Amino acid sequence: MPDMEEAGEVGFCGSFFSYVLPHLSVSFRLAMTSQGQSLRFRSDDNCQVNFREKLLIIDSNLEAQDVEGLKFLCRDWISHKKLEKSSSASDIFGHLLAGELLSEEDPFFLAELLYILKQNSLLRYLRQSREQVESLLPTRRRVSLFRNLLYELSEGIGSENLKDMVFLMRESIPKIQMTSLSFLAYLEKQALIDEDNLMLLEDLCRKVVPNLMRKIEKYKREKASQVVTPPVDQETESLHKGEEELFSRSDVNQFFGALQVGSMMCWQMGNAGSYGDRETLVSIEILGASVETLTSETSTKEAAVYRMDRKHRGHCVVVNNHSFTSLSDRPGTHRDAECLERVFQWLGFSVHIYNNVTKGRLDEVLKEYKSHPGHADGDCFVFCVLTHGKFGAVYSSDEALVPIREIMSHFTAQQCPGLAHKPKLFFIQACQGEEIQPSVSIEADAINSEHSPPTPSLLASVPSDADFLLGLATVPGYVSFRHVEEGSWYIQSLYNNLKNLVPRHEDILSILTAVNNDVSQQANKEGTKRQMPQPAYTLRKKLVFPVPQEKLLL
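Residues numbered from 1 in each chain as written. Predicted model: local features only at pLDDT ≥ 70, side-chain atom pairs only at ≥ 80, totals over all residues. Heavy atoms only, no water.

1. Quick look at the overall build of the protein chain
Link 1 in the chain: Scanning the protein chain from N- to C-terminus turns up 22 helices and 14 strands.
Link 2 in the chain: In the protein chain, which comprises 554 residues, the proportion classed as buried is 51%.
Link 3 in the chain: Residue pairs in contact within the protein chain that sit at least 24 positions apart in sequence constitute 77% of those at least 6 positions apart.
Link 4 in the chain: Total accessible area on the protein chain stands at roughly 25,700 Å², and carbon and sulfur atoms take up 49% of it. (Helix = DSSP H or I, 4+ residues; strand = E, 2+ residues; numbered from the N terminus. Buried < 20%, exposed > 50% of the residue type's maximum accessible area, 1.4 Å probe, protein only. Contact = heavy atoms within 4.5 Å. Areas by Shrake-Rupley, 256 points an atom, 1.4 Å probe, with all protein chains shown as cover.)

Pasting the structure below:
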């Protein structure tokens, strides 16, 4: 067989393809033509041809056991049916190309696979090195730690070890010939082991191959360390030490009501400032143990991290209401919608904006995303509402008042199984709407508690299911602000802090703390009105978005 590397590097495409075309797998040929590419060489296809040549060179250098390893490592990304029919590395490459998991512009997934297979010499065909892959793995990993562990264990289970393990499990294992990798895959398929249940695996390794216990212990440490502990800046640190803050007495009552309901937590941090003429000095310590639990305990104890390595990041829905039947328009809201679209697309979401949504249309949107098939391959779900509203409810464009809880209830594990165990984030910029605003650049967006009846706890809006986060632009009963050209304080701060803090590997709650601090320091022209956002959540793990490759431009 001619030296394929030499043929590829010199670029003799005609002779190269005359040799390799008969050997191309069907799926790989389909992938090559799926984007309108012709198998016949053309000068303007030079980059594509060269990349596929390199994939074939990689294929030619992989043995049968490497192909088995590739199939195993891709189990979370390619359907089992397709993997069973794959007999070569080029088959798998074809599926990765067709699924947009591999491209010349972004070959990292394949680089990661080759790195795990210890085929580091082949990384040069992807313009990668072992050091580069290792540096990018913490943020770009697609092969889960659990699957990587199983692959590493398979390498340490020899044929005699495998016989002993099969003997110990004879009643549970079919009488077929197995490799160490297919044995572990069988245990996983039968739900005898998973990323949180290694008891059987530990027992087998302890009895048959004790030295593999070190790999299992290493996996446990790495899994636990997938937590980002945010740095404590001077302002936050001073709050922990009991710095006095300005809160109204009703604020404290609202906080107590929220913090004492079940296991739910609310987060109020930053300078709340002055609300009208009622100013009461209240130490942050008065908020009690629930706040202490959130601000210190969760930052020191290790916790799990939500998985962020599926095929898609997920869907982000933005309901953007500017015009209403009789309520005042909301100038500046389109700026908020644009910023949400930009930042969540940057984070990898598919963003869908719906403008001036009636109650009927909102019901249709909720029904669509409640049963959206894309949730199965997604990591997360985001739902944003920019509209008028009262606390606990938002207005549709035809002025139906829709409870926030009703919106969120469509996405519980029971109603939306595709999002079970996945984080579901809801951000609400709810406006006052009844007031006619004077011709100034700042408008009030929420009802002032002095002129409205008492409102229920924020937590009443959040379903009791796990994995929800609700972010409101303001503490219940107080004013939030929207600039008629630049957008709302809350959404603009959320945009800026996601843009700045995701690259620093901050988790979502740390980012929302920064939003609280940022918004609380803003004021209207007279300096008399301030705003304090309020999140509530039932998240069970840390939510850390992977760092995008490209910077988010203004």
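What follows continues from the structure just given.
2. Overview of the nonpolar core
One broad trend across soluble globular proteins is that nonpolar side chains are buried collectively.
Link 1 in the chain: In this structure, Ile-58, Leu-96, Leu-110, Leu-113 and Phe-183 are the most contacted members of the largest nonpolar core, which totals 65 residues.
Link 2 in the chain: Looking at this core element by element, the count peaks at seven residues for helix 8 (residues 108-116).
Link 3 in the chain: Sequence-distant contacts of Leu-110, defined by excluding residues within four places in its chain, comprise Leu-55, Ile-58, Phe-93, Leu-102 and Leu-126.
Link 4 in the chain: Judged by nonpolar contacts, the second largest core, of 40 residues, contains Met-308, Leu-425, Leu-498 and Val-519. (Core = buried A, V, L, I, M, F, W, Y, C linked by side-chain atoms within 4.5 Å.)

3. A word on the pairing of strand 14 (residues 534-537)
Link 1 in the chain: Neither face of strand 14 is left uncovered, since the one carrying Gln-534 and Ala-536 and the one carrying Pro-535 and Tyr-537 both have all their residues buried.
Link 2 in the chain: As paired strands, strand 11 (residues 468-472) and strand 14 are joined by four bridges and run antiparallel to one another. Across the sheet, Gly-471 pairs through a bridge with Pro-535, a residue of strand 14. (Pairing = 2+ DSSP bridges.)

4. Observations regarding the packing of aromatic side chains
Link 1 in the chain: Scanning all chains against the criterion turns up 14 aromatic pairs.
Link 2 in the chain: When the ring of Phe-146 is compared with that of Tyr-219, the centres are 6.5 Å apart and the planes differ by 55°; the resulting orientation is tilted. Highlighted residues: Phe-146 in helix 10 (residues 145-156) and Tyr-219 in helix 14 (residues 213-224), separated in sequence by 73 residues.
Link 3 in the chain: Phe-146 gets classed as buried once you look at its relative accessible area, which sits at 5%.
Link 4 in the chain: Between the aromatic rings of Phe-344 and Phe-349, the centroid separation amounts to 5.6 Å while the plane-to-plane angle is 85°, which identifies the pairing as edge-to-face.
Link 5 in the chain: Since its relative accessible area comes to 4%, Phe-349 is described here as buried.
Link 6 in the chain: In textbook terms, an aromatic cluster arises when at least three aromatic residues are bridged by ring pairs, as seen for Tyr-354, Tyr-369, Phe-381, Phe-383, Phe-411, Phe-426 and Phe-468. (Phe/Tyr/Trp six-rings, centres within 6.5 Å; stacked < 30°, edge-to-face > 60°.)

5. Focus: helix 11 (residues 159-168)
Link 1 in the chain: Every buried residue belonging to helix 11 is among Leu-162, Met-165 and Val-166, and all of these are buried. Within helix 11, the buried residues cover an arc of 100° as seen down the axis, which keeps them to one side. Turned more than 90 degrees away from the buried face of helix 11 sit Lys-163 and Phe-167, all of them exposed.
Link 2 in the chain: Its buried side turned inward, helix 11 meets helix 12 (180-189) and helix 13 (199-208). (Arc of directions from axis to C-beta.)

6. Overview of the environment of Arg-540
Link 1 in the chain: Along the chain, Arg-540 turns up in the segment after strand 14.
Link 2 in the chain: Given a relative accessible area of 42%, Arg-540 falls into the partly exposed group.
Link 3 in the chain: A C-alpha to C-alpha distance of 6.7 Å links Arg-540 and Ala-466, two positions 74 residues apart in sequence.
Link 4 in the chain: Once residues lying within four places of it in the same chain are set aside, the contact partners of Arg-540 are Tyr-306, His-421, Ala-466 and Asp-467.

7. Quick word on the pattern of salt bridges
Link 1 in the chain: Counted according to the given criterion, the structure contains 19 salt bridges.
Link 2 in the chain: A salt bridge links Arg-147 to Asp-76, with the nearest nitrogen and oxygen atoms 3.0 Å apart. Taken together, the residues span a long stretch of sequence, with Arg-147 in helix 10 and Asp-76 in the loop between helix 5 (64-73) and helix 6 (80-85) at a distance of 71 residues.
Link 3 in the chain: Residue Glu-406 is joined to Lys-359 by a salt bridge in which the shortest nitrogen-to-oxygen separation is 3.8 Å. Of this pair, Glu-406 sits in helix 20 (residues 404-408) while Lys-359 sits in helix 19 (residues 359-370); the two residues are 47 residues apart in sequence, bridging distant segments of the chain.
Link 4 in the chain: A relative accessible area of 30% means that Glu-406 is categorised as partly exposed.
Link 5 in the chain: Judged by its relative accessible area of 23%, Lys-359 falls in the partly exposed class.
Link 6 in the chain: In the salt-bridge network here, residues are joined through shared partners; they are Arg-75, Asp-76, Arg-147 and Glu-188. (Salt bridge = Lys/Arg side-chain N within 4 Å of Asp/Glu carboxyl O.)

8. Re the confidence of the model for the protein chain
Link 1 in the chain: Across the protein chain, pLDDT averages 74, with 66% of residues at or above 70.
Link 2 in the chain: Confidence drops under a pLDDT of 50 for residues 25-48, and excluding neighbours within four residues, the segment shows 35 contacts in the predicted structure.
Link 3 in the chain: Counted against residues more than four places away or in other chains, residues 445-457, with its pLDDT under 50, gives 38 contacts. (pLDDT = per-residue confidence, 0-100.)

9. Describing the environment of Ser-86
Link 1 in the chain: Relative to the assigned elements, Ser-86 resides in the loop between helix 6 and helix 7 (89-98).
Link 2 in the chain: Under the relative-accessibility criterion, Ser-86 is labelled buried at 4%.
Link 3 in the chain: Each C-alpha atom of the pair Ser-86 and Glu-68 lies 9.5 Å from the other, and the pair is 18 residues apart in sequence.
Link 4 in the chain: A distance of 3.4 Å separates polar atoms of two side chains, one belonging to Ser-86 and the other to His-95. (Polar contact = N/O pair within 3.5 Å; in protein donor to acceptor, adjacent residues only side chain to side chain.)

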